[in-house]
Amino acid sequence: MDVFITGIIMGTFYALMALGLSLIFGSLKIVNFAHGEFFMIGAYAYALIAINLKIPLVFVLFSVVFIGIILGVTVERLLMRPLYQKFTEWGAMRDEYAIIITFGLSLFLMNLANQIFGPYPISGPGLRPLRERIMIGDIVMMSSHRIIAFGVGAGVLIIAILLVRYSPWGKVIQAVSQNRFGASIAGINSTQVSSIVFGISGALAGLSGALLCPIFSAEPFVGALPAVKSFVIVVLGGMGSVPGSILGAYLLGVFEQFGAVYISYTYRDTFGFLILILVLLLRPQGIFGEKAREV
Amino acid sequence: MDKDAKLLEVKGVSKRFGGLQALRDVSFSMDEGELIGLIGPNASGKTTLLNIINGYYPPSSGTIYLDRHRIDSLNPNQVAKQGVTRMFQATRIFPRMSVLENMLTIAYAVRRIPSRDIVQKARKILARLSLDDMIHEDAGNLSGGQRKILEFGTCFMANPKLVLLDEPFAAIHPELKGILEEFMIAHYEEGGTLLLVSHDIPSVVASCPRLIVLNVGTIIADGPTEEVVKKDEVAEAYLGGIV
Amino acid sequence: MNTSIDLRSYWKKCRQVIEEKRALDLIFSLMSLLVIAILPIFLTSAYWHGVLVVAMFYALAAIGWNLLGGYTGQFSIAPGAFCLIGMYSSALLVHYWDWNPYLGIFMSVVSTATIGLLLGWICLRLRGPYLALTTIAFAEIIRGVIRFSYDITRGDLGLSVPKLYGSGVGHLDYYYTFLLVVVIVQIFLYFLIKSKIGLYLQSIRDDEVAASGRGVNVVWWKTFAFALSSLICGLAGGLYVHFIGLASPEMGLLMNSGLIIGMAVIGGMGTLAGPLVGGLILHPLSEYVREFGVQHMVVFSFLIIVVVRFWRAGLYGSLKNILERLIFHG
């Protein structure tokens, strides 16, 4: 039973990561390979701010979200502009441009962190002392930090989903995702939307990194695994589908925990990759996605 | 070839995309040496029909024969090797290859003319189309109109049995349009077979002896041009008359 | 009168060079490799010989990736994985069954070509990010399998293998072996790209749909590109493992693939000499930068970003444009 609950908890964090990626793919049709590094930067930001400034942890979390937004928007402004310009040298190869540049960005951020902070992990303070445990009902005993982190994460997730669905900004994002050209005719500034989407993505991933920092520590390569998992989730749920990614996140969270306990611990990640390939081969649109027509 | 065998036979072709019926029981045939205009309002299925003939997707039902070979289940490259060339509505050329290389690719790929003649033929066609001074220029550096002409030129490189032209005259300078029309008529007069899809009604009516009209996926008229343009259904389909 | 005839024949010669545009790439490659060939006369440090051997390894891997990514437009992020397969194919055969290392390298080539075919088949209907993700997944599965099959491969500890030329001290044997292989591969690729196969591959990169409609068997040639590209990476890996003497899963890290791709991109994607230039310049550069305590990957990945964002043609690509303009305009 507590395996299941752990799965749900992890699933929430995965969902935060996957949501951002899904929004980017939906509105820009690209995969952000540096997504894991937003997570990593969130983790470092949390750890460093919390350790060096003695302010309540709530404010630290807010700062991390703020930093995440700035990071996302900066990346979009500096690097993603050529995606919308038709007559750059990359022309028809915009997909490939996005792949290389986000991959390069990922390598850069990882190694920059390595250069500046060194390879040793920095651990941030838990929202509650890490050894503290809480009883849930009569059955389960769980670290209270995890519970609170889960609460924060789930709360933010729900807010984010509601924003995307019902707020005016969210509707604009949906419009651009469905038909970029049509949206621009309707007067929507799609480059602004791209900035917003990247900003949200950075904030959510950064928050995820911050919440998990006390557990997994901040180190230069900590973002690699969450990134990969996000890719698997987003592909599984259907690229660009928000409900798909959320569902996929929880599915992965739960199955992973069961798999780790009952099947094999070492090959756990390899299974994830295998699932990715199988989904891409057999049902590339994922659970909720749409097939695209070519000619 | 015996007189009864048609070059192209489209029999009962229907195509469904999910909930959308794009083509419904389309049948017609073309003789060798015919120039047929295919017209119809937007979303009538013209491009879908061309895509199916080309092999980009199979029909949901029906068959297509080219020179008595069945081609409806072939891949586009196999259909091309049978002698069908296609010009796309949104110009498709290979931007990072030179003009010459664009012409050569199709010729080597379909293998319908001897290798030693290929480069020469490419130069000849390019000269007729006034592109020979750009021969080594990357196709991506060409203007929109020049790209269209290049794509047009590739259709005639490899001894085609059937040329499918999808809106070749759309959105280009009248001068360039003249070059294309001239080339097209010349090919026709030498015995080539062409299917011309166009919204430019006056032009189609002027050059094509036979007209097929498509509306909402079905053929509503098929016959000599003078007769077809007088039909009520055709005028109705275009909401306000054509000629 | 005499001078005008001379000028005219000179001009004709220039035009021929223009017509055979890609000959420029080959000439440049061969000249660079000639420089590499005579370099040991001036540069006698064994350390730097070793660095250049590794540089040639990376150049070879970059050349292999460039065929798939730069010429055929399939951006696989798995070149490192194929170098890895090449390394272990030979390493395992030599270590456990006492195979001759030359035969081992031959098997590297065979196995990577086959597995490359497999990956090509998997990726046939995939584009852009889907293709990239699949190749990442593929690479990680392979690396995982090799790492975790501890009993066979000794996992992260690595598998030691005899070197190709025994345990002598100097690196010059390897230096000229790698050089020879690079020369042969470059010449081979020159003829390949110049041929109709080169036309097919590039047409697939430029517009797969149109290529298909113009008679190119996209399925066949995509698969071919995957197989040949992987083969070249595997060859590089096979040679490398018998130079270093150790097969380690680190070669399969995605960061390493990023390095290889980076060299091709910075050098000039889609040109014959670009990846060669990338590998030969960037690897020694990264070794040099290490002396200043700077992580070479930081500089590297920064360069990748800058080149891709502002300078798509890359080092050699830009040089080529300048050279072509000089020749073309007299």
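These numbers come from a predicted model, not from an experiment.

For chain B, the count of helices and strands is nine helices and ten strands. For 243 residues, the compact-globule estimate of 2.2 N^0.38 gives 18 Å, and chain B sits close to it at 18 Å. A principal-axis box enclosing the C-alpha atoms of chain B has dimensions of 50 × 40 × 35 Å. By residue count, 44% of the 243 residues in chain B fall in the buried class.

Residue and element names in this part refer to chain B. We note that the domain assignment places domain 1 (1–83 + 161–243) and domain 2 (93–159) within chain B. For domain 1 and domain 2, the distance between their C-alpha centroids amounts to 24 Å. Taken together, the contact between domain 1 and domain 2 spans twelve residues of the former and twelve residues of the latter. Counting only elements with at least two residues in the side of domain 1 that touches domain 2, the list comes to helix H2 (76–81) and helix H6 (174–189). No other element matches H6, which puts five residues into the side of domain 1 that touches domain 2. Its residues assigned to classes, the side of domain 1 that touches domain 2 shows eight nonpolar, three polar and one charged.

Within the secondary structure layout, Leu157(A) lies in helix H5 (residues 144–166). What Leu157(A) contacts, discounting residues up to four positions off in sequence, is Thr12(A), Ala15(A) and Leu16(A).

Take the pairing of strand E2 (residues 20–30) of chain B next. Residue and element names in this part refer to chain B. Bridge analysis of strand E1 (residues 8–17) against E2 gives seven bridges, and the strand direction is antiparallel. By the bridge assignment, Glu9 is partnered in E2 with Ser29. Following E1, the chain reverses through two residues before pairing antiparallel with E2; Gly18 in that reversal takes a positive phi of roughly 60°.

What follows is about the interface of chain B and chain C. As a measure of interface size, the accessible area lost when the parts come together is often cited. Facing the 22 residues of chain B at the interface are 18 residues of chain C. Elements that contribute at least two residues to the side of chain B that touches chain C include exactly H2 and helix H3 (99–110) of chain B. A total of seven residues in the side of chain B that touches chain C trace back to one element, the largest contributor, which is H3(B). Per-class residue counts for the side of chain B that touches chain C are eleven nonpolar, six polar and five charged.

The interface of chain A with chain C comprises 35 residues on the first partner and 31 residues on the second. Mapped by element, the contributors of at least two residues to the side of chain A that touches chain C are helix H4 (94–117), helix H9 (224–237) and helix H11 (268–282) of chain A. Counting residues per element, the side of chain A that touches chain C draws most heavily on H4(A), at 15 residues. When the residues that make up the side of chain A that touches chain C are grouped by side-chain class, the tally is 24 nonpolar, six polar and five charged.

What follows concerns the nonpolar core. One recurring pattern in soluble globular proteins is that nonpolar side chains are buried together. Core analysis: the largest hydrophobic core is formed by 272 residues, its most contacted members being Ala43(A) and Phe57(C). Broken down by element, this core gets its largest block of residues, 16 residues, from helix H3 (residues 46–71) of chain C. Residues from two domains meet in this core; each of domain 1 (1–83 + 161–243) and domain 2 (93–159) of chain B gives at least three. If near-sequence neighbours (up to four positions away) are discounted, Phe57(C) is found in contact with Phe178(C), Ala236(C), Leu239(C) and Tyr240(C).

All right, on to H6(B) then. Here H6(B) is 16 residues long and its end C-alpha atoms lie 22 Å apart, about the 22 Å a rise of 1.5 Å per residue gives. Directly after H6(B), the chain includes Gly191(B), whose backbone phi takes a positive value near 105°.

All names here are of chain B. Most of strand E3 (residues 35–39) sits out of view: five of its five residues are buried. Neither face of E3 is left uncovered, since the one carrying Leu35, Gly37 and Ile39 and the one carrying Ile36 and Leu38 both have all their residues buried. Sheet topology places E3 next to strand E8 (residues 194–197); four bridges connect them, and they run parallel. By the bridge assignment, Leu38 is partnered in E8 with Val197. Two strands pair when backbone bridges link them, and E3 and strand E9 (residues 210–215) are joined in this way by four bridges, in the parallel orientation. Residue pairing across strands places Leu38 opposite Ile212, the latter belonging to E9.

Scored by pLDDT, chain C has a mean of 87; 92% of the residues are at 70 or more. If you check the scores for this complex, the pTM reads 0.89 and the ipTM reads 0.89.

The rules behind the values
- Residues numbered from 1 in each chain as written.
- Chains lettered and ligands numbered in written order.
- Predicted model: local features only at pLDDT ≥ 70, side-chain atom pairs only at ≥ 80, totals over all residues.
- Helix = DSSP H or I, 4+ residues; strand = E, 2+ residues; numbered from the N terminus.
- Rg over C-alpha atoms; globule rule 2.2 N^0.38 Å.
- Buried ≥ 20, exposed ≤ 12 C-beta atoms within 10 Å, placed from the backbone.
- Domains from an automatic or database assignment.
- Contact = placed C-beta atoms within 7 Å.
- Nonpolar A, V, L, I, M, F, W, Y, C, P; charged D, E, K, R; others polar.
- Pairing = 2+ DSSP bridges.
- Core = buried A, V, L, I, M, F, W, Y, C linked by C-beta atoms within 7 Å.
- Expected span 1.5 Å × (residues − 1).
- pLDDT = per-residue confidence, 0-100.

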